[in-house]
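# Fold and contact review
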Amino acid sequence: MTETLAPVRPGKLIINGEKVDAASGRTFTTVNPATEEPICAVAEAGPEDVERAVTAARAAFDAGPWGRMRPAERQRILFRLGDLILEHGDELARLETLDNGKPIFESRQIDVPMAANCFHYFAGWATKLAGETLPVSPAFFTYTLREPLGVVGAIVPWNFPMIMVGWKAAPALAAGNTVVLKPAELTPLTAIRIAELALEAGVPPGVFNVLPGKGSIAGEAMVKHPGVDKITFTGSTEVGKHIMKTAADTVKKVTLELGGKSPNIVFADADLDAAVKGATTGIYYGKGEVCAAGSRLLVESSVHDEFVAKLAERAKKLQPADPLDPKTRLGALVSEAQMKKVLGYVETGTREGARLAAGGARQPVNGKGWFVQATVLDGVENRMRVAQEEIFGPVLAVIRFDDADDAVRKANDIPYGLAAGVWTRDVKKAHAVARRIQAGTVWVNAYNFYDAGMPFGGTKASGFGRDLGPESLREYTQVKSVWINLE
Ligand code: NDP
């Protein structure tokens, strides 16, 4: 209990196994979105720190123990890190909620177990990454080795700071790479703490470095650095495009997960009460600051009015409240800028002709905080900006459709392709629609389910490459072909 109430210590950079200040001595302040009060000062990495971290990661990869260690030893250490995350669950959940504004219920019951799950799951893979023996010619013994890439630069966003450490660092480390991770400037605290726990678990110095700082400075320097072999990025499409262009100069591999505007499709034959719940969690979980949020709700016309009435009733009951209260289910948006962006979209939507069926306004808690009501915009047309652009907040755009063809056409008529939901009791329709949707993930009669073992990523403007699952290990390994002349 004392642990969870302790004041938050100033955040440091983690370079080569040490907690250090920035070379420039600069710091920034991280702020609690629910109270608008400062949490603590955090060291702000600059190009010199990137240089130090990449040098340490390079040395740890090229000559250090990580790649040469028996895979079973890497497995043991990463599994231990998963255990330590669980053991420090209360502390990490509190840090995440203070930094991000998400309900402690989510931080404690979802984010902590998911982050730990990533280290436990990928620890197991450390001993199972294998090449193949390929019979090319009797004159040769030919085989492949599956090898790590080297130094992986991970640039992660503010919506799931702790989970993203698991999604990116766990598979990269399990495969034998070393990592330099830059958390989002708005939410650096849990990544720093997990890096400390990694040292406690036995991850050698230089193998996992964390550099809080600005994307435009520290992030940019990582992407340009010739000593970084790969960038794995989650964030906005604009920054993703910029990273891809910049990485081209040093021929870096990139994985980009760039958000979406995912359709959640409700057919008239669905279990409508279950679908109402699914539509609600699909958009309001994580305050809607979720890349895969079901932010476009497509409802079959014959049940539209009944469905929207139930949905609006549920949304109105979901009141913003103190994120540290375990009963809270709707927290504060991450920043004032994000809140203004979200409220700006509500205004745009109503100006474009949408009808406000629930919410639509800021609602401070105890007079403070960047809270926005659970919002439903009904009567949205697919061409409207609120239907096409990522709002990244608790705002649902409801669009009608006539039949399955119309639903699929509207679902795919968007630059993004990250995720989708399909609600129906007709199993044939569920499979058929799941195949026709352009998205990296389709949930049927469910929404927002994730597991370390199931690949996640996008198509179209949502990016390419996959986090999680066996598929993600391809992103952090390469194949070497070996020919042994037998004659
Ligand atoms: P960004 O894409 O700017 O941030 C994501 C990460 O990239 C952060 O760590 C950021 O650092 C870093 N970054 C920013 N610029 C650069 C750069 N030039 N080179 C390298 N790294 C960089 O997202 P925002 O925080 O600005 O959010 C804007 C919008 O993006 C949201 O409203 C939402 O629509 C979308 N988004 C999508 C996410 C997803 O899960 N796909 C997650 C977050 C946002 P820093 O924090 O210091 O700027």
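What this report covers is the structure whose coordinates are included nearby.

Reading the values: rules and limits
- Residues numbered from 1 in each chain as written.
- Predicted model: local features only at pLDDT ≥ 70, side-chain atom pairs only at ≥ 80, totals over all residues.
- Heavy atoms only, no water.
- Axes fitted to C-alpha atoms, helices over the stretch in contact; angles between N-to-C directions.
- Helix = DSSP H or I, 4+ residues; strand = E, 2+ residues; numbered from the N terminus.
- Parallel < 35°, antiparallel > 145°, perpendicular 65-115°, else oblique.
- Contact = heavy atoms within 4.5 Å.
- Nonpolar A, V, L, I, M, F, W, Y, C, P; charged D, E, K, R; others polar.
- Near = heavy atom within 4 Å.
- Polar contact = N/O pair within 3.5 Å; in protein donor to acceptor, adjacent residues only side chain to side chain.
- Areas by Shrake-Rupley, 256 points an atom, 1.4 Å probe, with all protein chains shown as cover.
- Buried < 20%, exposed > 50% of the residue type's maximum accessible area, 1.4 Å probe, protein only.
- Right-handed = clockwise from strand over helix to strand, strands pointing away.
- Pairing = 2+ DSSP bridges.
- Salt bridge = Lys/Arg side-chain N within 4 Å of Asp/Glu carboxyl O.
- Phe/Tyr/Trp six-rings, centres within 6.5 Å; stacked < 30°, edge-to-face > 60°.
- Lys NZ or Arg CZ within 6 Å of the ring centre and 35° of its normal.

## Examining the packing of helix H4 (residues 71-87) against helix H6 (residues 104-126)
For the pair H4 and H6, the least separation of the axes is 7 Å and the interaxial angle reads 170 degrees. As far as their axial angle goes, H6 and H4 are roughly antiparallel. Residues Pro71, Arg74, Gln75, Leu78, Phe79, Leu81, Gly82, Asp83, Ile85 and Leu86 of H4 lie in contact with H6, whose contacting residues are Arg108, Val112, Pro113, Ala115, Ala116, Phe119, His120, Ala123, Gly124 and Ala126. Within the contact of H4 with H6, the residues separate by chemical class into 13 nonpolar, four polar and three charged.

## Quick look at the site of the ligand
Lining the immediate environment of the ligand, one finds 29 residues, of which Val156, Trp158, Gly215, Ser236 and Lys341 sit closest. Residue Asn159 places a side-chain N or O atom 3.3 Å away from an oxygen atom belonging to the ligand. Separating an oxygen atom of the ligand from a side-chain N or O atom of Gln338 is a distance of 3.2 Å. About the coverage of the ligand: the protein hides 85% of its 860 Å² of free accessible area. Within the residue set of the shell around the ligand, elements represented by two or more residues are helix H9 (215-224), strand S9 (230-234), helix H10 (237-248) and helix H13 (336-352). Of the residues belonging to the shell around the ligand, the class tally is twelve nonpolar, ten polar and seven charged.

## Focus on the pairing of strand S12 (residues 296-300)
Burial runs high along S12: five of the five residues are buried. Side chains Arg296, Leu298 and Glu300 of S12 all project onto a buried face; the interleaved residues Leu297 and Val299 project onto the opposite face, where all are buried too. Crossover connection from strand S11 (residues 263-266) via helix H11 (residues 272-284) to parallel S12: handedness right-handed. Relative to strand S15 (residues 395-401), S12 runs parallel, the two sharing five bridges. Its bridge partner being in S15, Leu298 is matched across the sheet by Ile399.

## Some details on the pattern of salt bridges
Counted under the stated rule, the structure contains 35 salt bridges. When the shortest N-O distance is used, the salt bridge between Glu238 and Lys241 registers 3.8 Å. Here Glu238 pairs with Lys241, and both are found in helix H10, just three residues apart, close to one helical turn. A residue is classified by how much of its surface remains accessible, and Lys241, at 44% relative accessible area, is partly exposed.

## What about the packing of aromatic side chains?
Any two aromatic rings considered together are summarised by their centre-to-centre distance and by the angle between their planes. In this structure the tally under the stated criterion is eleven aromatic pairs. Ring geometry for Phe267 against Phe401: centres 5.2 Å apart, planes inclined by 75 degrees, an arrangement best described as edge-to-face. Of this pair, Phe267 sits in the loop between S11 and H11 while Phe401 sits in strand S15; the two residues are 134 residues apart in sequence, bridging distant segments of the chain. Since its relative accessible area comes to 1%, Phe267 is described here as buried. Aromatic side chains Trp443 and Tyr447 sit 4.6 Å apart centroid to centroid with 50 degrees between the ring planes, which places their arrangement in the tilted category. Clustering of aromatic rings is evident, with ring pairs tying together Trp167, Trp443, Tyr447, Tyr450 and Phe456. Lying across the ring of Tyr476, Lys230 places its NZ or CZ 5.3 Å from the centre. It is Arg329 that lies over the ring of Phe105; its NZ or CZ is 3.7 Å from the centre.

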